[in-house]
Amino acid sequence: MLPSDLQAKQFAGYPPEARRLAVANLGALRQLPISFLPSLLREVIDYDFKFPAERAAIGKELANLSSLSQTQIGQWFQAFSQLSLSLKLEHLDWINQPAQFVEQESAYLWTTRQLDAFRRAATDYGDRLQSVVTVEPIPAHRLGIAIIGQGVASYDQPLFRNLRKHGTYFGRVKPDDGLELLLTAVATRAKSHPVPYGHWYVDGGKAPDHSPLVTSVQYRALEPVRAALLKYMQAEIEQPGMGPEELRTKLARLLPSDLGMDKAGDPVLDRFQVRLLTEGSGTQIFSTTFAQWTAREALRRAQPLTLLTRFAPRQRQRPMNELLSGSSGNPELDFTGSLIDADMGAYYQWINQQRLPESERSSFLVWFEGHSQALAISPSLPRGAESNSAVNLGELLSLAIT
């Protein structure tokens with residue numbers, strides 16, 4: 001079946017909002033080449049479980065496609081139309097299983113030496129789309145916070161080395177009530193700018209009490225889900241002929257209910273958390289990896305106005321089979337190694353924040369938990385500087401977001 005043969009009834013298996021969106025843009029979908037359309041449908045089919053920022057992006061993309069003339073469609077997708085696909089791919093159920101189609105298409109394009117051409121076509125399309133789609137202004141300057149080094153008594157090596165040239169280092173921070181001050185600041189922003197999924201608190205351990213207005217993802221709270229996933233992975237790995245590609249495909253199909261998550265939960269957030277654990281490498285077993293990957297995906301997908309990430313100690317490295325088995329109920333923690341991981345994780349968080357709109361006006365703060373070291377990046381603060389001012393975390397945050 002080709003896109004030109006699409007009928008509204010063929011989207012009957014889609015969730016309600018996704019079905020409505022596909023049918024409303026059916027005319028545009030029929031004009032797209034099969035080498036491209038399943039990639040778009042992979043996003044559309046999950047529309048009901050996406051964050052508002054993602055929904056807006058999909059809606060704008062489809063609106064743009066619907067506005068193009070047939071001649072413009074030909075110009076936009078000429079490179080995609082020149083790709084050759086096998087009859088086997090065309091006979092797949094790419095409407096209801098677009099993710100599986102894209103996976104097999106990638107393998108086919110690689111074996112036929114067309115993958116580079118596909119990547120160039122995709123990059124050109126992305127550039128065209130970005131040039132015509134309007135970006136809405138955000139209601140407040142973006143703020144990122146990273147807390148690193150939980151449980152580390154002392155550390156004599158320089159911290160924040162990758163970030164120092166971008167902001168101001170503070171060496172006399174008053175650590176008293178630091179976490180509470182930062183959580184209060186996040187809650188205040190959430191109350192002042194009540195954007196759905198606009199304010200996040202990610203904790204690599206167990207989170208203290210915090211505002212219900214803040215979207216929260218916690219490594220410790222997901223322990224039953226992680227255990228269920230590791231058990232599932234272990235069982236699948238032991239199956240004859242099971243390889244990494246087959247396992248990846250099976251993991252991609254898992255739903256929150258498959259891992260024992262409460263059906264009464266937030267369906268959007270639950271799907272997000274499942275994907276953190278099934279798509280991230282090491283998120284199931286290392287808390288620092290979990291926190292770093294969650295921050296990355298939250299920024300990429302939800303584009304929050306506020307993101308506080310608190311890294312916690314991870315378990316020490318052990319043989320992979322032992323880690324996957326989840327057999328150790330009380331693993332030994334690596335505090336210093338976790339601090340080093342988190343220091344780099346904070347840097348990655350800032351990089352990912354800088355990829356979002358209006359990054360030139362955003363602020364970022366990283367603090368060595370329980371200690372007097374912090375670094376702030378802000379348009380109002382000098383770069384590559386040091387300050388001897390004695391400030392608490394609340395005062396420092398005010399300096400950063402002024």
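Predicted, not measured: the structure shown is a model, and the values here were computed from it.

The rules behind the values
Each chain carries its own residue numbering, running from 1 in the written order of its sequence. Local features are withheld for residues below a pLDDT of 70 in this predicted model, meaning they are given only at 70 or higher, and side-chain atom pairs are given and counted only at 80 or more; totals for whole chains, interfaces and linings count all residues. Side-chain measures were taken over the full set of non-hydrogen atoms in the model, leaving aside hydrogen atoms and water. By the criteria applied, helices consist of DSSP H or I runs no shorter than four residues and strands consist of E runs no shorter than two, each listed in order from the N terminus. Here, two residues are considered to be in contact whenever any of their heavy atoms come within 4.5 Å of each other. To define a nonpolar core, start from buried Ala, Val, Leu, Ile, Met, Phe, Trp, Tyr and Cys residues and group those joined through side-chain atoms within 4.5 Å. Remark: exposure states derive from per-residue accessible area (1.4 Å probe, protein chains only) relative to the maximum for the residue type, with buried under 20%, exposed over 50%, and partly exposed in between. By this rule the span expected of a helix is its residue count minus one, scaled by 1.5 Å. Of all possible arcs, the one meant is that of the directions from the helix axis to the C-beta atoms. The way it works is a 1 Å grid over only the protein atoms, where trapped points that fit a 1.4 Å probe form a cavity and open points with protein on both sides within 12 Å along at least five of seven lines form a pocket, and then any residue with an atom within 4 Å of a point lines it. Grid points are joined across faces, edges and corners, and a volume is the space filled by probe spheres set on the points. Under the convention adopted here, Pro, Cys and the residues Ala, Val, Leu, Ile, Met, Phe, Trp and Tyr are nonpolar, Asp, Glu, Lys and Arg are charged, and Gly plus all remaining residues are polar.

Enquirer: Honestly, the environment of L32 in this entry has me stumped. Any pointers?
Expert: Tracing the backbone shows L32 in the loop between α2 (26-30) and α3 (37-44). In this structure the C-alpha to C-alpha distance between L32 and A264, which are 232 residues apart in sequence, comes to 38 Å. Not counting chain neighbours up to four residues away, the residues in contact with L32 comprise P3, L37, L40, L65, I73 and F77.

Enquirer: Explain the environment of L299 to me, please; I cannot follow it from the model alone.
Expert: Along the chain, L299 falls in helix α14 (residues 287-302). Those residues in contact with L299 that lie beyond four places of it in its chain are P304, L307, Q349, N352, Q353 and L356.

Enquirer: How do you make sense of the nonpolar core when you look at a structure like this?
Expert: The nonpolar side chains of a soluble globular protein tend to be buried, and buried together. By size, the foremost hydrophobic cluster in this structure holds 38 residues, and its most contacted members are F11, L29, L32, L65 and F77. Within the residue set of this core, elements represented by two or more residues are α1 (16-24), α2, α3, α4 (52-67), α5 (70-76), α8 (98-111) and α9 (115-132). The element that contributes the greatest number of residues to this core is α9, accounting for five residues. Apart from the residues within four sequence positions on either side, L65 is in contact with A28, L32, L40, I73, F77 and Y125. With 31 residues, the next largest nonpolar core counts L229, L276, F290 and L299 among its residues.

Enquirer: It is not clear to me how helix α11 (residues 223-237) should be interpreted in this structure. Could you clarify?
Expert: A turn of α-helix holds 3.6 residues, and therefore any two residues three or four places apart point the same way. If you check α11, its first and last C-alpha atoms are 21 Å apart, about what 15 residues at 1.5 Å a residue would give, namely 21 Å. Residues of α11 that are buried include every one of V225, R226, L229, L230, M233 and E236, and no others. End-on, the buried residues of α11 take up no more than an arc of 130°, which puts them together on one face. Away from its buried face, by an angle of more than 90 degrees, α11 presents the exposed residues P224 and K231.

Enquirer: Any chance you could explain empty space enclosed by the protein here in plain terms?
Expert: Gaps between atoms show up when a probe of the same size as a water molecule is rolled over them. Counted according to the given criterion, the structure contains two cavities of 30 Å³ or more. Lining the largest cavity are D46, F49, K50, R271, F272, R275 and R301. Considering every element that reaches the lining of the largest cavity, the biggest residue donor is helix α13 (residues 267-279), with three residues. Residue composition of the lining of the largest cavity, grouped by class: two nonpolar, no polar and five charged. In this structure, the second largest cavity occupies an estimated 40 Å³ of space. Counted by class, the lining of the second largest cavity contains seven nonpolar, three polar and no charged residues.

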